[in-house]
Amino acid sequence: MTRAVCSGRELTLDKLVAGGARYAERAVVCFVLIGFFSSPAVTILFAKWPIRPSDLKQPMAGLAEFSWASLGTMFFYVVLIVPFWGMLYGKVFGSSFGMNLPWWGGIAGTSHVHWVFGWWEWMIVMLFMTANVWRGKPWSLIQWPQPLKGALAFVLIVTLG
């Protein structure tokens, strides 16, 4: 058995990779997955609206775009991932405070976060297929101004996902 002493306490490999010890890792992976869609969506679907067109210079323009994308990432994380942790801590461990339960159970037939993963990953595939393979179509055919064009494209990607 692999052992190490850390801060005066023994740490074994079994303790390090135990399911309960990896919750923070899973939460971070969920955040990265959400950001992998919401960050490029600002550029691909919304054409960097509301940051562009503006007269912001770098680094302010880059920081504003990063902040705008991060706000979206946090919003979707709270809506799509936090309810799973509410179920985990509220039902499994019995001590959830202020977290709702998964709302997608009736739609998906399961309340596990893996359903959100699958749905969100298909949204990522469609987002990048739009930009890289289909050269912006069908969203480039929409003649509405931003943000309406981006919002319609987002709703269509969510529906198709």
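Residues numbered from 1 in each chain as written. Predicted model: local features only at pLDDT ≥ 70, side-chain atom pairs only at ≥ 80, totals over all residues. Heavy atoms only, no water.

Novice: Looking at this structure, how should I read the overall build of the protein?
Specialist: What the protein contains, in helices and strands, is 7 helices and 2 strands. Walking the protein from its N terminus toward its C terminus, one meets helices and strands in the order β-β-α-α-α-α-α-α-α. Across the 161 residues of the protein, 29% fall into the buried class. For the protein, restricting intrachain contacts to residue pairs at least 6 apart in sequence, the fraction spanning at least 24 positions comes to 54%. (Helix = DSSP H or I, 4+ residues; strand = E, 2+ residues; numbered from the N terminus. Buried < 20%, exposed > 50% of the residue type's maximum accessible area, 1.4 Å probe, protein only. Contact = heavy atoms within 4.5 Å.)

Novice: Looking at this structure, how should I read the environment of Trp139?
Specialist: For Trp139, the position within the fold is in the loop between α6 (113-133) and α7 (148-160). Trp139 sits 13 residues away from Leu152 along the chain, and the two C-alpha atoms are 8.6 Å apart. With residues up to four places along the chain from it excluded, the contact list for Trp139 reads Leu45, Thr130, Lys149, Ala153, Leu156 and Ile157.

Novice: So what exactly am I meant to see when it comes to unusual backbone geometry here?
Specialist: What you tend to see is this: most non-glycine residues have negative phi, and most peptide bonds are trans. The step from Arg52 to Pro53 runs through a cis peptide bond, and the omega angle for that step is 0°. Tracing the chain through its elements places Pro53 in the loop between α2 (23-44) and α3 (60-80). The omega torsion of the bond from Gln58 to Pro59 falls at 10°, within 30 degrees of zero and hence cis. Among the secondary structure elements, Pro59 is positioned in the loop between α2 and α3. Of note, the phi angle at Ala47 is positive, near 50°, even though the residue is not glycine. Ala47 sits in the partly exposed class, given a relative accessible area of 47%. Look at Lys48: it is not a glycine, yet its phi comes out positive at around 65°. You can see Lys48 is positioned in the loop between α2 and α3.

Novice: Is there a simple way to explain the packing of aromatic side chains in this structure?
Specialist: Here a ring pair, both rings aromatic, is described through the centre-centre distance and the interplanar angle of the planes. Summed over the entire model, instances satisfying the criterion amount to 12 aromatic pairs. The interplanar angle of 65° and the centroid separation of 5.5 Å between the aromatic rings of Phe84 and Trp85 together place this pair among those described as edge-to-face. Trp85 gets classed as buried once you look at its relative accessible area, which sits at 8%. One aromatic cluster in this structure is built from Phe37, Phe75, Phe76, Trp115, Trp119, Trp120 and Phe154. (Phe/Tyr/Trp six-rings, centres within 6.5 Å; stacked < 30°, edge-to-face > 60°.)

Novice: Looking at this structure, how should I read the side chain of Thr130?
Specialist: Its place among the elements puts Thr130 in helix α6. For Thr130, a relative accessible area of 2% corresponds to the buried category. Those residues in contact with Thr130 that sit more than four places away from it in its chain are Arg135, Gly136, Lys137 and Trp139.

Novice: Just checking my understanding: could you explain the nonpolar core for this structure?
Specialist: Generally speaking, a soluble globular protein has its nonpolar side chains buried in company with each other. Core analysis: the largest hydrophobic core is formed by 30 residues, its most contacted members being Phe37, Leu45, Leu80, Ile81, Trp85 and Trp120. Looking at this core, the elements that each hand over two or more residues are α2, α3, α4 (82-92), α6 and α7. Of the residues forming this core, the biggest block, 8 residues, is contributed by α6. Apart from the residues within four sequence positions on either side, Phe37 is in contact with Leu45, Trp120, Met123, Ile124, Leu127, Phe154 and Ile157. (Core = buried A, V, L, I, M, F, W, Y, C linked by side-chain atoms within 4.5 Å.)

Novice: What am I meant to see in the pattern of salt bridges here?
Specialist: A side chain of one charge can pair with a side chain of the opposite charge if their charged atoms are brought near each other. Counted under the stated rule, the structure contains 1 salt bridge. Among the salt bridges present, the one from Lys48 reaches Glu65, with a minimum N-O distance of 3.4 Å. Here Lys48, found in the loop between α2 and α3, pairs with Glu65, found in helix α3; they are 17 residues apart in sequence, far enough to count as distant. For Glu65, a relative accessible area of 18% gives the class buried. (Salt bridge = Lys/Arg side-chain N within 4 Å of Asp/Glu carboxyl O.)

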